[in-house]
2 protein chains.
Amino acid sequence: MMKYQRHAKILELIANHDLTTQEEIIELLRKEGFDSTQATVSRDMKELGLIKAADSKGNYKYIQPKPANSSSTTKHLLILNQAVVGISFALHTIVIKTHAGMAQAAGAAIDHLVGGEILGSIGGDDTLLLICQSEENAQNIVQRLKNFLKIGAD
Amino acid sequence: MMKYQRHAKILELIANHDLTTQEEIIELLRKEGFDSTQATVSRDMKELGLIKAADSKGNYKYIQPKPANSSSTTKHLLILNQAVVGISFALHTIVIKTHAGMAQAAGAAIDHLVGGEILGSIGGDDTLLLICQSEENAQNIVQRLKNFLKIGAD
DNA sequence: TCTATTATTGTATATTTATTCACTCCATTG
DNA sequence: CAATGGAGTGAATAAATATACAATAATAGA
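Parameters at a glance
Residues numbered from 1 in each chain as written. Chains lettered and ligands numbered in written order. Predicted model: local features only at pLDDT ≥ 70, side-chain atom pairs only at ≥ 80, totals over all residues. Heavy atoms only, no water. Helix = DSSP H or I, 4+ residues; strand = E, 2+ residues; numbered from the N terminus. Contact = heavy atoms within 4.5 Å. Areas by Shrake-Rupley, 256 points an atom, 1.4 Å probe, with all protein chains shown as cover. Buried < 20%, exposed > 50% of the residue type's maximum accessible area, 1.4 Å probe, protein only. Pairing = 2+ DSSP bridges. 1 Å grid on protein atoms, 1.4 Å probe; cavity = no way out; pocket = protein on both sides within 12 Å on 5 of 7 lines; lining within 4 Å. Points joined across faces, edges and corners; volume = space filled by probe spheres on them. Nonpolar A, V, L, I, M, F, W, Y, C, P; charged D, E, K, R; others polar. Axes fitted to C-alpha atoms, helices over the stretch in contact; angles between N-to-C directions. Parallel < 35°, antiparallel > 145°, perpendicular 65-115°, else oblique. Left-handed = near helix turned anticlockwise from the far one by under 90°. Phe/Tyr/Trp six-rings, centres within 6.5 Å; stacked < 30°, edge-to-face > 60°. Lys NZ or Arg CZ within 6 Å of the ring centre and 35° of its normal. Polar contact = N/O pair within 3.5 Å; in protein donor to acceptor, adjacent residues only side chain to side chain. Salt bridge = Lys/Arg side-chain N within 4 Å of Asp/Glu carboxyl O. Near = heavy atom within 4 Å.

Undergrad: What exactly am I supposed to notice about the overall build of chain A here?
TA: What chain A contains, in helices and strands, is six helices and six strands. Counting from the amino terminus, chain A carries its helices and strands in the arrangement α-α-α-β-β-α-β-β-α-β-β-α. Of the contacts formed within chain A by residues at least 6 apart in sequence, a portion of 55% connects residues at least 24 apart. Accessible surface, chain A as shown: approximately 8,300 Å² in total, 52% of it carbon and sulfur.

Undergrad: Please explain the pairing of strand 6 (residues 127–132) of chain B as it appears in this structure.
TA: Every regular strand shows the same layout, with side chains that alternate between the two sheet faces. Residues and elements named next belong to chain B. On strand 6, burial follows the alternation: Leu128, Leu130 and Cys132 on one face are buried, whereas Thr127, Leu129 and Ile131 on the facing-out side are not. One ladder, built from five bridges, connects strand 4 (residues 93–98) with strand 6; its direction is antiparallel. Bridging across to strand 6, Val95 finds its partner in Leu129.

Undergrad: Looking at this structure, I do not really get the layout of surface pockets. What am I missing?
TA: Left-over empty space is what a probe sized like a water molecule reveals as it rolls over the atoms. In this structure, the second largest pocket encloses a volume near 410 Å³. In this structure, the second largest pocket is lined by 23 residues; those nearest its centre are A:Lys52, A:Tyr62, B:Ile51, B:Lys52 and B:Tyr62. Residue assignment for the lining of the second largest pocket shows that the elements contributing at least two residues are helix 3 (38–48), strand 1 (51–54) and strand 2 (60–63) of chain A together with helix 3 (38–48), strand 1 (51–54) and strand 2 (60–63) of chain B. Here the lining of the second largest pocket is composed, by residue class, of 14 nonpolar, five polar and four charged.

Undergrad: So what exactly am I meant to see when it comes to the packing of helix 1 (residues 3–16) of chain A against helix 2 (residues 22–31) of chain A here?
TA: Between two packed helices, what matters for the description is the angle formed by their axes and the separation of those axes. All names here are of chain A. Close contact between helix 1 and helix 2 brings their axes to 11 Å; oriented N to C, the two are set at 115 degrees. Considering their axes alone, helix 1 and helix 2 lie roughly perpendicular with respect to each other. At the point where helix 1 passes helix 2, the crossing takes the right-handed sense. Contacts between helix 1 and helix 2 pair Arg6, Lys9, Ile10 and Leu13 from the former with Ile25, Leu28 and Leu29 from the latter. Across the contact of helix 1 with helix 2, the residue classes tally to five nonpolar, no polar and two charged.

Undergrad: I'm lost on the environment of A:Thr37 in this one. Help?
TA: Secondary-structure assignment places A:Thr37 in the loop between helix 2 and helix 3. Considered as a pair, A:Thr37 and A:Ile25 are twelve residues apart in the sequence and their alpha carbons are 9.9 Å apart.

Undergrad: Could you clarify how one ought to interpret the packing of helix 1 of chain A against helix 3 of chain A in this entry?
TA: Residues and elements named next belong to chain A. Across the interface, helix 1 lies against helix 3 with an axial gap of 11 Å and an inter-helix angle of 75 degrees. When the axes of helix 1 and helix 3 are compared, the pair comes out roughly perpendicular. Packed against helix 1, whose contacting residues are Lys3, Arg6, His7, Ile10 and Leu11, the element helix 3 presents Thr40, Asp44, Met45, Glu47 and Leu48 at the interface. Grouping the constituent residues of the contact of helix 1 with helix 3 by class yields four nonpolar, two polar and four charged.

Undergrad: When you look at the packing of aromatic side chains in this model, what are you seeing that I'm missing?
TA: Ring pairs (aromatic) are described by centroid distance and by the angle formed between their planes. By the definition in use, this model includes zero aromatic pairs over all chains. Above the face of the A:Tyr60 ring, A:Lys52 is positioned so that its terminal group lies 5.7 Å from the ring centre.

Undergrad: Explain helix 2 of chain A to me, please; I cannot follow it from the model alone.
TA: One full turn of an α-helix is made of 3.6 residues, so residues set three or four places apart face in the same direction. Residues and elements named next belong to chain A. All buried positions along helix 2 are accounted for by Gln22, Ile25, Ile26, Leu28 and Leu29. Check the buried side of helix 2 and you find it contacts helix 1, helix 3 and strand 2. In the segment just after helix 2, Gly33 is the residue with positive phi, at about 95 degrees.

Undergrad: Whenever I open this one, the side chain of A:Gln22 confuses me. Can you help?
TA: Residue and element names in this part refer to chain A. Of note, Gln22 is situated in helix 2. On the basis of relative accessible area, Gln22 is assigned to the buried category, the value being 16%. Within polar-contact distance, the side chain of Gln22 engages the side chain of Gln38 at 3.0 Å. If near-sequence neighbours (up to four positions away) are discounted, Gln22 is found in contact with Gln38, Val41, Ser42, Met45 and Tyr62.

Undergrad: I tried to follow the pattern of salt bridges on my own but got confused; where do I start?
TA: If the charged atoms of two oppositely charged side chains come close together, the side chains can form a pair. All names here are of chain A. Counted according to the given criterion, the structure contains eleven salt bridges over all chains. Put simply, Arg6 and Asp44 hold a salt bridge, and the shortest N to O gap is 2.5 Å. Of this pair, Arg6 sits in helix 1 while Asp44 sits in helix 3; the two residues are 38 residues apart in sequence, bridging distant segments of the chain. Classification of Arg6 by relative accessible area gives buried; the value is 10%. For Asp35, the salt bridge identified is with Arg30, shortest N-O distance 2.7 Å. Since its relative accessible area comes to 45%, Arg30 is described here as partly exposed.

Undergrad: What's the story with the protein's contact with DNA strand D in this structure? I'm lost.
TA: Neighbouring residues of DNA strand D: 23 residues in total, closest A:Arg6, A:Thr40, B:Gln38, B:Ser42 and B:Tyr62. Looking at DNA strand D alone, sugar and phosphate atoms form 66% of those within 4 Å of the protein. Taking A:Asp35, its main chain carries an N or O atom lying 3.2 Å from a phosphate oxygen of DNA strand D. One nitrogen or oxygen atom from the side chain of A:Arg43 is found 2.9 Å from a base nitrogen belonging to DNA strand D. Elements with a contribution of two residues or more to the surface near DNA strand D: helix 1 and helix 3 of chain A together with helix 3 of chain B.

Here you go:
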């Protein structure tokens, strides 16, 4: 039952490679020790919301679409940027340090931004724990959160 | 050569319907007087950057991937960029050359983008006349239109 | 105008992706 | 401990999409 590790790996793969077909994804997955078929990858793409899009040069590749809803997403990004002081992780647990009293708000914002990949979160006063599905998944989410903080907006 | 009208219509269709396959798009296009084949629609989707994505309920449909911020403005910019071949002006009159058959669509897009400063517009097949309030105004609008073309282009 | 070049399109086909069906693996419940 | 039900999967297949090629139409240039 490697589904969630595989999902995390797929997200990582499409972030780092230009992948045109599901067959290419299968190949790379195999190199990483995941043996899957095209049917499974097709279902993964659907569940992860990944899409095949044409870039400006006219080539297709799989991407993770940017969060769509601007108004609420923008608000959450704003909260996140105001709240978060630091991010680290160990195994499948992400530890987020915030300014005093803002952990809860940061948790809600992250829930919105990252969505279902987080199993659960526990917020204290200035610390937030996110429990992920796997170490790989945690690493992937940390990367995305850091991107949110850098960009600041969408 | 209905390509650009068809593009505009496709954008309108996917904004107003949940379309799952290119065949469905072809059907609706036919009702609007556009007779196309799947191959052509496939190419249109690529050129317009439209993609098939899974929504939260697990259904696929075609969407315009960055719809959020100013969807109608984005659409108008797209049309404008596809339509316009050249811009010039004399006195208080702007002359816009477009691809054949696109003058009307360009006129509508420009109306939206520039708004009330234009006294009126007359569109033929591949030429659009904009009547402005003054020569300075015309010059200013020309500059803004050229900026639109720069931005929207890719 | 006429010719050369480029764009657009359809047909047929190849490629790619989604789904159906059957099976396995677990967890739950009677 | 069966029996039941649901999630995950692969194999095969259906469905959908992209593209090679040929034809036609548009455009530019002489």
